[in-house]
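Overview (structure and organization)
One-letter residues, chain by chain:
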Amino acid sequence: MENLKKNIKDMLESGEIAGFLGLIEEEGHPIPFLFTKDSLDKLDALTVPDIRYPMTDILLKIVRKYPEDTIGVMVRGCDDRALIELAKNQKILSDLIRPIGVACTKEMAEYCRCSQPYPREIHYGEKVEGVKDRSDLEKVESMDLSDRLDYWMGQFSKCIKCYGCRNICSMCFCDQCTLEDDTLILTGQAPPEIPIFHLIRAFHMAGRCIDCGLCEEACPAHIPLRSLYRKVREDMADYLGYVTGMDETERDPLEFLGSDGYEVPTKIDET
Amino acid sequence: MAETEKGFEPKIIAFCCNWCSYAGADLAGSMRLKYPANVLPIRVMCSGRISPHFILKAFQRGADGVLVTGCHYGDCHYIKGNYITKRRVTIMKDLLKFVGIDPRRLRADWIAASEGDKFAKVATEFTEEIRALGPSPLRG
Amino acid sequence: MEYQTVRTTCTYCGTGCGVLLEVLDGEVIGTLPQKDHPINEGKLCIKGWNAHEFIYADGRLTKPLIRKGDKLEEASWDEALQYVAKRFLELKEKYGPDSLGCFSSAKCTNEENYLLQKIFRAVIGTNNVDHCARL
């Protein structure tokens, strides 16, 4: 931890970065904070807690205002995948971001059912292997079609339309949101139209979702949203060989055809 | 309107691209080919223009089936729009299946401007398939 | 470049969810749920998620206004409270305590709401007490 603090201090003092987005502990509560040259004394309170805030989401807000500055940011495995996707979508320039990687503990990885609880480069913590757990998907897949629909409609009907899943999402950076588009969806009323409200978001997450699970954590109605997004993430891998958050040079096959042939998935007519 | 005396009449939304499939549907008309009136074509400029959200909206509003049609591979007026459509439909079908909507209710097919008979055939086949599946569970 | 988050309590209702107001260069730009708050446990409703929006709203009242003729004029708090007290007394004298009533707000604390009903029941003498959650 002391090394980490010194590292950040050096980067700030040398001017390599204009700010470092991390977390500080304030009266026992970890909260996001941007360290700058003027607030080096706050580095004493730097913390790596067991809770997660949408760091890249906050980063994006800062980058939008200071597009030319280099900024450091504390990233876990999920945040790092988000950085890759943000760079792909031209929301950030990787050259102007200095990720400081934190590896999650075994407990956190298990709590998050995280398949990759470590970033590309680890500056703090010990790397532990990811958790391969698709029991949430298997639970749904074990039902027949009509039970599945009953299950999901039951879940969706709990929605209070807080937009928390969208607001906390690292990948929700669009200027205009389909979920507020009154040509596609009934707006200005709660509860939302189901299942379209959740399915629109689910489909939009195909080729985008980095499986961080913040949406499900933020859902006041405990809707298992992450299973939906994991499903489309899995489909993207199975049908199109595309996994988000891996390589900055890859392109979302739902948006770009690519140059080496346009292989069409073969499983299309399977039901 | 769904239930007639004879039984269930499916309502099917067909998205047709301007350059091939819609012209194909037109040709079916000119050739006096019969296809079920259950199919309601909506013309879009390219099958690539069919946002997955349109498909979801059709189901939300009570469509029993959604037919997505475009040009054959290599024929797309915009070169590659239909490839993207195919990918989207693939993922969409699996998502629908996952939430309990029969993926057979969504079908993608490629129909050229000269294939009036194919349009009629696909429309008839699809209508019969949906009729066998029964009304959409999302119908209000 | 200055970004910090400020721990506070959502003002929208009596639940008391913990929120973090995001402050970028002195301007409040967003709200985040406080992840380790015992009440909301990192969740918020739509009002909470937008709790920062009224801060810079054009229509927000920041000073008391007194209607003079057909115009609303800015007044000091002292002036406004004196005026309210005077009119309450006059109206109570003239038409009786049931000519008065109060609306409190879910945005106030429990204690504030208690005090408001207390002053209307005990001091003014009416049961015309209500609050915004029934509007």
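Residues numbered from 1 in each chain as written. Chains lettered and ligands numbered in written order. Predicted model: local features only at pLDDT ≥ 70, side-chain atom pairs only at ≥ 80, totals over all residues. Heavy atoms only, no water.

Our next topic: the pattern of salt bridges. Residues and elements named next belong to chain A. All told, the structure shown has 35 salt bridges over all chains when counted by the stated rule. The salt bridge partner of Asp211 is Arg230, with a shortest N-O separation of 3.3 Å. Separated by 19 residues along the polypeptide, Asp211 in the loop between helix H8 (196-204) and helix H9 (214-218) and Arg230 in helix H10 (residues 225-240) bring together distant segments of the chain. Considered together, Asp211 and Arg230 belong to a single accessibility category, that of buried residues. (Salt bridge = Lys/Arg side-chain N within 4 Å of Asp/Glu carboxyl O. Helix = DSSP H or I, 4+ residues; strand = E, 2+ residues; numbered from the N terminus. Buried < 20%, exposed > 50% of the residue type's maximum accessible area, 1.4 Å probe, protein only.)

Looking now at the side chain of Lys57(B). Along the polypeptide, Lys57(B) turns up in helix H2 (residues 52-60). Despite its burial, Lys57(B) pairs with no opposite charge; the closest candidate is Glu193(A), at 6.4 Å N-O. In terms of polar contacts, Lys57(B) uses its side chain to reach the backbone carbonyl oxygen of Thr183(A), at 2.6 Å. Other than its neighbours up to four places away in sequence, Lys57(B) contacts Thr183(A), Leu184(A) and Ile196(A). (Lys, Arg positive; Asp, Glu negative; His and termini not counted. Polar contact = N/O pair within 3.5 Å; in protein donor to acceptor, adjacent residues only side chain to side chain. Contact = heavy atoms within 4.5 Å.)

Quick look at helix H1 (residues 21-30) of chain B now. All names here are of chain B. Those residues of H1 that fall on the buried side of the exposure criterion are Ser21, Gly24, Ala25 and Ala28. Here the buried residues of H1 occupy an arc of 100° about the axis, which is enough to place them on one side. Contacts from the buried residues of H1 go to strand E3 (12-17), strand E5 (65-70) and helix H4 (116-133). Positive backbone phi, at 60°, marks Arg32, one or two positions downstream of H1. (Arc of directions from axis to C-beta.)

Our focus in this paragraph is the domain arrangement of chain A. All names here are of chain A. Domain annotation for chain A reports domain 1 (2-112) and domain 2 (135-269). Taken over C-alpha atoms, the centre of domain 1 sits 27 Å from the centre of domain 2. Of the residues lining the interface, 19 residues belong to domain 1; the matching set on domain 2 comes to 26 residues. Of the roughly 1,800 Å² buried between domain 1 and domain 2 on both sides combined, carbon and sulfur atoms contribute 49%. When the buried surface of domain 1 facing domain 2 is broken down by residue, Arg52, Arg81 and Lys88 rank first, second and third, together holding 33% of it. In this structure, the connection of domain 1 to domain 2 is made through one salt bridge. Arg52 is the partner of Glu217 in a salt bridge, and the nearest nitrogen-oxygen pair spans 2.9 Å. At the level of elements, helix H2 (55-65), helix H3 (77-88) and helix H4 (106-112) are the ones that each hand at least two residues to the side of domain 1 that touches domain 2. It is H3 that provides the largest number of residues to the side of domain 1 that touches domain 2, a total of eight residues. The class makeup of the residues in the side of domain 1 that touches domain 2 is nine nonpolar, three polar and seven charged. (Domains from an automatic or database assignment. Buried area = accessible area lost by both parts, 1.4 Å probe. Nonpolar A, V, L, I, M, F, W, Y, C, P; charged D, E, K, R; others polar.)

A word on the arrangement of the chains. If you rank the two pairs of chains in contact by how many contacts each has, first place goes to chains A and B. Separated in space, chain B and chain C share no contact, their closest pair of C-alpha atoms being 23 Å apart.

With respect to the helices and strands, the residue Pro195(A) is situated in the loop between helix H7 (164-168) and H8. With relative accessibility at 3%, the residue Pro195(A) sits in the buried group. It is 17 Å that separates the C-alpha atoms of Pro195(A) and Arg230(A), two residues lying 35 residues apart in sequence. Excluding residues within four positions of it along the chain, Pro195(A) makes contact with Met153(A), Phe156(A), Gln60(B) and Leu138(B).

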